[in-house]
Amino acid sequence: VQLVESGGGLVQAGDSLRLSCAGSGRTFSGYPMAWFRQAPGKEREFVAAITWRGTITYYADSVQARFSISRDHSKDTVYLQMRSLKPEDTAVYYCAAGYCSGNECKRPTPYDFWGQGTQVTVSS
């Protein structure tokens, strides 16, 4: 039972990437889900979250105007569309699933299931 991320890679500043996160072994369609990231030497930080219905989304201020989270229940997959990437977006990106509500969804503690992470590297 796990979450599997894909879509990371090496891009140049200003480029776009779309990360995907799919469930393996069970469905996560009933859970709020989120993306977090962790850069070398830094703590894991919140990026974006989406309610289980997909009707409410939350974003970190640093990505608000550039990233978009969405989900496709038919594929049991959550996406993170990243645009206008910056070198400071370089990190390992993790998806997570768990029960949370409101601002609680911006913290890692409510999430019970985590993926293994996918590396995103943005060169200047």
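Residues numbered from 1 in each chain as written. Predicted model: local features only at pLDDT ≥ 70, side-chain atom pairs only at ≥ 80, totals over all residues. Heavy atoms only, no water.

Engineer: How should the sheet that holds strand 8 (residues 77–82) be read in this particular structure?
Structural biologist: If you walk across this open sheet you meet the 4 strands as 1-3-8-7, and the pairing is antiparallel. A strand with exactly one partner marks an edge of an open sheet, and here the two such strands are strand 1 (2–6) and strand 7 (67–72). Recorded for the sheet is a direction-independent mean angle of 20° between the axes of neighbouring strands. (Pairing = 2+ DSSP bridges. Helix = DSSP H or I, 4+ residues; strand = E, 2+ residues; numbered from the N terminus. Axes fitted to C-alpha atoms, helices over the stretch in contact; angles between N-to-C directions.)

Engineer: I keep staring at the side chain of D76 and nothing clicks. Help me out?
Structural biologist: By the element assignment, D76 lies in the loop between strand 7 and strand 8. Setting aside its immediate chain neighbours within four residues, D76 contacts C21, A22, G23, R26, T27, F28 and S29. (Contact = heavy atoms within 4.5 Å.)

Engineer: Explain the pairing of strand 8 to me, please; I cannot follow it from the model alone.
Structural biologist: For a regular strand, side-chain orientation follows a simple rule: the groups alternate between the two sheet faces. For strand 8, a buried count of 5 out of 6 residues is recorded, marking the element as mostly surrounded by other parts of the structure. When strand 3 (residues 17–24) meets strand 8, the two strands line up antiparallel, connected through 6 bridges. Note that in strand 8 the partner of L17 across the bridge is M82. Where strand 7 and strand 8 come together, 6 bridges link them in antiparallel fashion. (Buried < 20%, exposed > 50% of the residue type's maximum accessible area, 1.4 Å probe, protein only.)

Engineer: Sorry if this is basic, but what is going on with unusual backbone geometry here?
Structural biologist: Only a minority of non-glycine residues have a phi that is not negative, and only a minority of peptide bonds are not trans. Although it is not a glycine, D76 adopts a positive phi angle of roughly 50°. Although it is not a glycine, S84 adopts a positive phi angle of roughly 50°. Examined against the element boundaries, S84 turns out to sit in the loop between strand 8 and strand 9 (91–97).

Engineer: Is there a simple way to explain the pairing of strand 5 (residues 45–50) in this structure?
Structural biologist: With 5 of its 6 residues buried, strand 5 lies for the most part within the structure. Bridge analysis of strand 4 (residues 33–38) against strand 5 gives 5 bridges, and the strand direction is antiparallel. Bridging across to strand 5, F36 finds its partner in F46. Pairing of strand 5 with strand 6 (residues 57–59) involves 3 bridges; the strand directions are antiparallel. By the bridge assignment, A48 is partnered in strand 6 with Y59. In textbook terms, the turn of a hairpin is the stretch between consecutive antiparallel strands, and for strand 5 and strand 6 this stretch comprises 6 residues, one of which, G54, has a positive phi near 85°.

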